[in-house]
Amino acid sequence: MTGNELDYIRLAHHNLRLAGDGEFTKKSQEMIASSLSAKGSAFLTHSCTAALEIAAIATNIKPGDEIIMPSFTFVSTANAFVLRGGIPIFVDIRPDTQNINEDLIENAISKKTRAIVPVHYAGVSCEMDKIKKIAKDNDLFLIEDAAQGYLSKYKNNYLGTIGDYGALSFHETKNIISGEGGSILVNHPSNLKKIEVIREKGTNRSGFFRGEVAKYTWKNIGSSFLPSEITAAFLCAQIEKGLEITKNRENTWRQYHQQLESLEESGLLKRPVIPKECLSNSHIYYVVLDNKIDRERTLEAMNNKGVNAVSHYVPLHSSPAGKKFGKFSGSMNITNRQANSLIRLPLWVGMSNNEINHVVRVLKNSIKI
Ligand SMILES: *Cc1c(COP(=O)(O)O)cnc(C)c1O
């Protein structure tokens, strides 16, 4: 918490305006767009999942359409498109960033491909110049799953503002939070009206509130994707402290990185790589253990000493729903390997030096062959 959350919620209560698209929603949207130097607009949603679902409707995904994405991601990346009848085509990841391997994307393209969905893992950008060019050359939509990437950059651009659409998450596990929450970044102004309708249950209610039409009516398919003003009020307080939150996390990230250099040199693990084009928001600090190390036993030993180190995704191509609804292109060797050897270390705002040192010490003492 940053301190102002309850005051803003009290104000929302005082305003007697609790449904979506009130003062705090507008303020949050403006702050998100300006903090990302966005050329388009940001709309608040109740989750990043909702933002991805809006993008899937807006890009008119139809049954049988193929959408290229990594398998090493959260279920919503795929589920949003499967809900429209789309088929996720999973592509292997890079071993350095755990992001989709841009060199394998072209091989996965078929006549049915409609979109590429890069996921910026841990807040570190995918190779966007190359991915953007592939999307352009093949006339595909580019939808960034920037759930973890708020305030991260690729070259001069913030994540979420590079593709046609970007999806952000403010879930309480992310850097900037509102419990549940998200935003869709609409990067072409010509798409704004379409998104407004999809987000407001398929109606032109937003235009009605601006006085553009006398009555609002059903215009397209859509759903209820807005958060309430209470959620937006909480989020406002968080966004105002976005840079401080990020800086604090970055400090912890760097300390982990320095202290774990010797373990990397001794070949026991690999530390995360941030390519020089990328500025990271330090969302996650993870390590990838060497093949000879037993990840489950190592995690268990850490957990037994009170350190909440955890693994990450079960790759979607190997999940029951992923097998049913998706396909994979090429081999999933790197995805399988990384998913079985990655450990995320505790990272929160206000973590003390003692706590950081303790986690490193426990990791060093817990590594089991
Ligand atoms: C957290 C996350 C989501 C889902 O975000 P919600 O706001 O919880 O819907 C989607 N994709 C990725 C990569 C995530 O990390």
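Residues numbered from 1 in each chain as written. Predicted model: local features only at pLDDT ≥ 70, side-chain atom pairs only at ≥ 80, totals over all residues. Heavy atoms only, no water.

Engineer: How should I be thinking about the side chain of Glu5 in this particular structure?
Structural biologist: With respect to the helices, strands and loops of the structure, Glu5 is situated in helix H1 (residues 5-14). With no salt bridge to any partner, buried Glu5 finds its closest opposite charge in Lys241, at an N-O distance of 7.6 Å. (Helix = DSSP H or I, 4+ residues; strand = E, 2+ residues; numbered from the N terminus. Buried < 20%, exposed > 50% of the residue type's maximum accessible area, 1.4 Å probe, protein only. Lys, Arg positive; Asp, Glu negative; His and termini not counted. Salt bridge = Lys/Arg side-chain N within 4 Å of Asp/Glu carboxyl O.)

Engineer: What am I meant to see in the nonpolar core here?
Structural biologist: Within soluble globular proteins, side chains that are nonpolar tend to cluster in buried spots. Membership of the largest hydrophobic core comes to 45 residues, with the highest contact counts inside it found for Ile32, Leu36, Ile68, Ile116, Ile131, Tyr150 and Leu168. Mapped onto this core, the elements with two or more residues apiece are H1, helix H2 (23-35), strand E1 (41-45), strand E3 (87-91), helix H5 (128-137) and helix H8 (229-240). Among all residues touching Tyr150, those that are not within four sequence positions of it are Met31, Ile32, Ser35, Leu36, Leu168, Phe170, Ile176, Ile239 and Asn281. In terms of nonpolar packing, the next biggest core, distinct from the first, is built from 30 residues, Ala78, Tyr165, Val186 and Ile195 among them. (Core = buried A, V, L, I, M, F, W, Y, C linked by side-chain atoms within 4.5 Å. Contact = heavy atoms within 4.5 Å.)

Engineer: Is there a simple way to think about H8 in this case?
Structural biologist: Side chains three or four residues apart in an α-helix point the same way, a direct result of the helix having 3.6 residues per turn. The end-to-end C-alpha distance of H8, which contains 12 residues, comes to 16 Å, matching closely the 16 Å that a straight helix rising 1.5 Å per residue would cover. Of all 12 residues in H8, nine are buried; the element is thus mostly enclosed. When H8 is considered as a whole, its buried residues turn out to be Glu229, Ala232, Ala233, Phe234, Leu235, Cys236, Ala237, Gln238 and Ile239. Next to the buried residues of H8 lie H1, H2, E1 and helix H9 (242-259). For H8, the capping residue at the N-terminal end is Ser228, with a side-chain oxygen 3.1 Å from the backbone nitrogen of Ile230. (Expected span 1.5 Å × (residues − 1). Polar contact = N/O pair within 3.5 Å; in protein donor to acceptor, adjacent residues only side chain to side chain.)

Engineer: I would appreciate a short explanation of the confidence of the model for the protein in the present structure.
Structural biologist: Low pLDDT means the predicted atomic positions in that stretch should not be read closely. The predicted model of the protein averages 97 in pLDDT, with 100% of residues at 70 or higher. The weakest mean pLDDT in the protein belongs to helix H7 (residues 205-209) at 92; the strongest belongs to strand E5 (residues 141-145) at 99. (pLDDT = per-residue confidence, 0-100.)

Engineer: Sorry if this is basic, but what is going on with the pattern of salt bridges here?
Structural biologist: Summed over the entire model, instances satisfying the criterion amount to 19 salt bridges. One salt bridge connects Lys130 with Asp103, and the closest N-O pair in it is separated by 2.9 Å. Note that Lys130 is positioned in helix H5 and Asp103 in the loop between E3 and strand E4 (113-116), a separation of 27 residues in sequence. Between Glu296 and Arg295 there is a salt bridge, and its shortest N-O distance comes to 2.7 Å. On the accessibility criterion, Glu296 (45% relative accessible area) is partly exposed. Arg295 sits in the buried class, given a relative accessible area of 8%. The network of salt bridges with shared partners includes Lys193, Glu196, Arg210 and Glu212.

Engineer: How do you make sense of H2 when you look at a structure like this?
Structural biologist: Taking 1.5 Å of rise per residue, the 13 residues of H2 would be expected to cover 18 Å, and the 18 Å separating its terminal C-alpha atoms lies within 8% of that figure. Taken residue by residue, H2 has Phe24, Thr25, Ser28, Gln29, Met31, Ile32 and Ala33 as its buried positions. Among the structural elements, H1, E1, strand E8 (165-169), strand E9 (182-186), helix H6 (192-199) and H8 are those in contact with the buried residues of H2. Residue Ser37 follows H2 closely and has a positive phi angle near 45°.

Engineer: So what exactly am I meant to see when it comes to the packing of aromatic side chains here?
Structural biologist: Within a pair of aromatic rings, the relevant descriptors are the distance that separates the centres and the angle that separates the planes. By the definition in use, this model includes 10 aromatic pairs. A centroid spacing of 5.7 Å and a plane angle of 50° characterise the contact between Phe208 and Phe209, whose relative ring orientation is tilted. The class for Phe208 is partly exposed, based on a relative accessible area of 29%. You can call Phe209 exposed: its relative accessible area is 54%. Through pairs of rings, three or more aromatic residues link up here, namely Phe72, Tyr121, Tyr286 and Tyr313. (Phe/Tyr/Trp six-rings, centres within 6.5 Å; stacked < 30°, edge-to-face > 60°.)

Engineer: It is not clear to me how the sheet that holds strand E10 (residues 269-270) should be interpreted in this structure. Could you clarify?
Structural biologist: What links the strands of a sheet is backbone hydrogen bonding, and the strands pair in either a parallel or an antiparallel sense. Across the sheet, three strands lie side by side as E10-E12-E14; this open sheet has antiparallel pairing. Strands with a single pairing partner mark the edges of an open sheet, and in this sheet they are E10 and strand E14 (342-345). Here E10 runs beside strand E12 (residues 285-289); their pairing, made up of two bridges, is antiparallel. Across the sheet, Lys270 pairs through a bridge with Val288, a residue of E12. (Pairing = 2+ DSSP bridges.)

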